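Summary of the model geometry
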Amino acid sequence: MHFKTIVGVRHKDAEELEMRLILIAINNIERRKTKAIILAAGLSIAVLATVTLFTITVAMRENIDGQLDEFGTNILIIPKYKEIPLSYAGINVSSVDSQPAKELSVKDVSLMRTIPNRQNLNIISPKLVGPVKISGQTALVVGIQFANELRIKTWWQYTGKQPKGKQDAVANPRDLVKKRAVAGTNYKRNEVIAGAVFAKKFKLKPGSKISVNGLTFKVASVLKPAGSSDDNVFFMNLTKTQKILNKPRQISFIEANAYCLDCPLPKLVRQLSKKLPYAKVLGLRAAVAQKEQTLAVFTAFSIASSAIMLIVAALVVFTTMTASVKERTREIGIFRAVGFRKKHIIAIIMSEVVLLSIAGGLTGYLTGFIVSKMLVPVIAPQAKGFYFNPSNINVVVLGISVLAAFLIGAFAALLPAVRAANKDPASALRFI
Amino acid sequence: MPDSSFVKLDNLSKSYLGPEGSILALKKTCLAIEESEFIAIMGPSGSGKSTLLSILGAMNPPTGGTLEVDGINVYSLGQERLADFRREYLGFVFQQLQLIPYLTAVENTMLPLVVKRIADKRGLALEALAKVDLKDKAGRLPNQLSGGEQARVAIARAIVNSADLILADEPTGNLDSENSKNIMNLFLELKKDGHIIVVVTHSLEDASYADRIVNIKDGLINDNGKESKS
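These numbers were taken from a predicted model, which means no experiment stands behind them.

About the criteria used
- Residues numbered from 1 in each chain as written.
- Chains lettered and ligands numbered in written order.
- Predicted model: local features only at pLDDT ≥ 70, side-chain atom pairs only at ≥ 80, totals over all residues.
- Heavy atoms only, no water.
- Axes fitted to C-alpha atoms, helices over the stretch in contact; angles between N-to-C directions.
- Helix = DSSP H or I, 4+ residues; strand = E, 2+ residues; numbered from the N terminus.
- Parallel < 35°, antiparallel > 145°, perpendicular 65-115°, else oblique.
- Left-handed = near helix turned anticlockwise from the far one by under 90°.
- Contact = heavy atoms within 4.5 Å.
- Nonpolar A, V, L, I, M, F, W, Y, C, P; charged D, E, K, R; others polar.
- Phe/Tyr/Trp six-rings, centres within 6.5 Å; stacked < 30°, edge-to-face > 60°.
- Buried < 20%, exposed > 50% of the residue type's maximum accessible area, 1.4 Å probe, protein only.
- Buried area = accessible area lost by both parts, 1.4 Å probe.
- Salt bridge = Lys/Arg side-chain N within 4 Å of Asp/Glu carboxyl O.
- Polar contact = N/O pair within 3.5 Å; in protein donor to acceptor, adjacent residues only side chain to side chain.

All names here are of chain B. Contact geometry of helix H4 (residues 121-131) with helix H5 (residues 147-159) gives a least axis separation of 9 Å together with a crossing angle of 130°. Judged on the interaxial angle alone, H5 and H4 are oblique. The way H4 lies across H5 gives a crossing that is right-handed. Facing H4, whose interface residues are Ala128, Leu129 and Lys131, H5 presents Val153, Ala156 and Ile159. A per-class count over the contact of H4 with H5 returns five nonpolar, no polar and one charged.

See below:
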C-alpha cells in the first residue's frame with residue numbers, strides 16, 4: 001500500500017514543510033508570549049551589553065588615536081651621527097659639533113611616500129634649522145612648509161594673521177585631511193611666523209618688518225607663548241630658508257604624523273628605517289602608552305563581561321526552553337502520534353528559538369546602539385568615528401550581533417529540542 | 001485467526017515495571033480485525049484497554065508477540081518509520097481530544113498532513129471538517145468551540161489522512177448524550193466509508209454501535225464472550 005512506497009522516501013517539498021512547521025512555531029510564540037519575551041529579552045540584554053562595551057572600547061581606541069593626532073608628531077626622522085652625541089638633557093658638552101653621516105634632503109620626503117604603509121602617513125613636515133643675523137644679532141630660523149607644519153601644530157595660537165582652514169574642526173579624519181590641506185596656504189613666501197620670546201626680544205608684532213641676512217620679511221603672525229622651543233625661533237618658507245642658509249634642498253629633520261588606528265607605529269618605523277638607512281627614525285608613542293594600558297585593561301574587562309552576559313543568556317534560553325518543553329509534553333506527544341518525526345519536533349522547537357534569538361539580537365543591537373550613542377560622546381569625546389560612527393548603524397556589528405544571538409539561542413536550545421523529540425508519545429499522552 | 005485480517009495481534013503481551021515488581025497489563029492477546037469493522041473494547045479501569053489501544057496505535061511496543069497491520073510487522077519498524085506508519089495508517093481520537101489550543105480547527109485538522117508530501121493540505125482539511133459538519137467553524141480556536149464540536153474536530157483530524165484504522169479512546173467521555181449519539185453515528189458513517197473503527201468505551205450504549213465487542217479484564221481478552229486462547 002501507499003506506506004510501503006513512502007517509507008525511506010525523502011521529502012522533496014522541504015521548503016513547504018519547513019514553512020508549515022515555522023507556522024506552528026510562530027503560533028506557539030504568540031500563545032506563550034511571556035516565555036517568548038523572557039527568552040528574547042535575555043538574549044537582547046546580553047547583546048545590548050556586548051554591543052555597548054564593544055562600541056565604547058572601539059571609541060576609546062579612536063579617542064586615544066585622536067589624542068595622538070592632536071599630539072601632532074608621532075614620527076621623528078633625524079640624521080644618524082658618526083659619534084655618540086655628547087649632550088644630556090639639552091646641554092651640549094661637546095667642543096665641536098658632531099657631523100651627521102649624511103644630511104637629509106627633500107628627496108627623502110618623496111622616498112617616505114614609497115613605503116608599503118604610505119597611506120597611513122598623514123602629514124610629513126620637513127624642516128631646516130639654521131642661524132641667521134637679524135639686526136646684528138644671531139637668531140634661529142626654522143624653514144617649514146607652512147601647509148604641512150600648521151596641520152601638525154594644531155595647538156598653536158596666533159595674534160595677527162590666522163592660518164586659513166585651521167579652525168575647521170571636523171569629526172572624520174578623512175574630512176580633516178581635506179579641510180586642513182588648505183591650512184597655512186595663505187602665508188606668502190616673504191611672510192614669517194614669530195615665536196613669542198623671539199618677537200619680544202626683537203620687539204615684533206604682526207605687520208612688523210624684519211631684515212634677515214639682508215632680505216626683508218613681514219611678520220604675519222606672532223605665536224602666543226607655549227612653553228616650548230617654538231617660542232624662541234621664527235618660521236619661514238622652507239625653500240626661502242634653504243636659499244638664505246645656502247643649503248639648497250637640504251633639511252635638518254622631518255616630523256611626521258601617521259594615522260595609527262590600524263597601523264602599529266613600530267611597523268611604520270621599520271618601513272621608514274629600511275627606506276632611509278642613513279636616518280634615525282623614532283616612533284613617539286610614549287605619550288599615550290599609559291592610556292593604551294588602561295584601554296587594554298578595559299578591553300579585557302569588556303570581553304569578560306560580555307562573555308558572562310552571553311553565558312547567562314544561554315542559560316536563560318536553556319532553562320526557558322527546558323520548562324517550555326516540559327509544559328508542552330502532551331502537545332509534543334500529539335505531534336508524534338499523528339506522525340511527526342523527531343526531526344520535525346526539533347525543527348519546531350529550533351524555529352521558535354531562532355526567531356526569538358534573531359528578534360533578541362536585533363533589539364539588543366538597536367538598544368546597544370542608542371546607549372552607545374549617549375555614552376560615547378561622554379566617555380570618548382575625541383573618537384573620530386573611523387570604525388564607529390555614532391550617527392550610523394554599523395551593518396557589520398548588527399550582523400555579528402544577530403548571528404551571535406542566533407548561535408547562542410540555537411546552541412542552548414538544542415538539548416531541550418532533542419529531549420522533546422525523544423519523548424515517548426504514549427507516555428506523553430498518558431496512555432501508560 | 002484468518003490470514004487475510006487487516007489487523008492481527010498475535011500472542012501480544014505487555015508488562016510494566018511497577019513499584020512492586022513487574023505488572024502484566026496484557027496477557028498473550030490474540031485479536032483479528034477485518035477491513036471496515038467497528039470494534040468496541042470494554043472493560044473496567046486498569047483492565048488494559050488503553051494499553052491495548054496504545055499498542056494498536058504503534059506507540060507502545062509490546063514485550064511479547066507481534067502486531068501486523070496490512071501485512072506490516074509494525075514493531076519491527078524503527079522509531080522514525082513508526083512515525084511514518086502512524087501518519088499513513090492511523091487516526092487517533094484521544095480521550096481528552098488533545099486539540100492544539102493555539103491552532104484553529106482547520107489547522108488542527110491539518111496536523112497529520114503538515115509533514116506529508118501532498119498538495120492542497122488546507123483543502124483536504126476543510127473536506128474532513130465538512131464530513132463532520134464543521135466547515136463553517138474552520139477558523140475557530142478550540143476554546144471557541146463546544147465540547148461536541150471539539151470532538152468532531154478531533155475526528156476530522158483522525159480521518160484527514162484517509163487513515164485505515166481509527167482508534168478512539170473514550171471519545172464521548174466528556175459529552176452529553178445528544179453529542180455522544182452524533183459522534184457514534186459519525187463513526188458508523190466512517191465505517192461505511194471503509195475505515196476500521198476501534199473504540200475504547202465504558203458505555204454500553206456507545207458499544208452497541210459496534211459490530212463486535214471485545215471485553216478485557218486483567219489483561220485478558222474475551223472476544224464476544226470467548227477468551228483468547230493461545
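Structure's up, so let's keep going.
Residue and element names in this part refer to chain A. Within this structure, the stated rule accounts for eleven aromatic pairs over all chains. Judged by centre distance (4.7 Å) and plane angle (20°), the rings of phenylalanine 198 and phenylalanine 234 are stacked. Separated by 36 residues along the polypeptide, phenylalanine 198 in helix H7 (residues 196-201) and phenylalanine 234 in strand E11 (residues 234-237) bring together distant segments of the chain. The same class applies to phenylalanine 198 and to phenylalanine 234, which are both buried.

Further remarks concern the interface of chain B and chain A. Taken together, the contact between chain B and chain A spans 40 residues of the former and 39 residues of the latter. Buried surface at the junction of chain B and chain A, summed over both partners, amounts to about 3,700 Å²; 63% is from carbon and sulfur atoms. Among the residues chain B hides against chain A, the three largest losses belong to B:Tyr102, B:Val115 and B:Arg117. Together they make up 20% of the total. Counting the contacts that link chain B with chain A gives two salt bridges. The salt bridge involving B:Glu80 is made with A:Arg336; its shortest N-O contact spans 3.6 Å. Scanning the region where chain B abuts chain A turns up seven residue pairs in polar contact (both at pLDDT 80 or more). Secondary-structure elements contributing two or more residues to the side of chain B that touches chain A are helix H1 (49-56), helix H2 (79-89) and helix H3 (105-114) of chain B. The element that contributes the greatest number of residues to the side of chain B that touches chain A is H2(B), accounting for ten residues.

The values reported here are purely geometric and, on their own, carry no functional implication.
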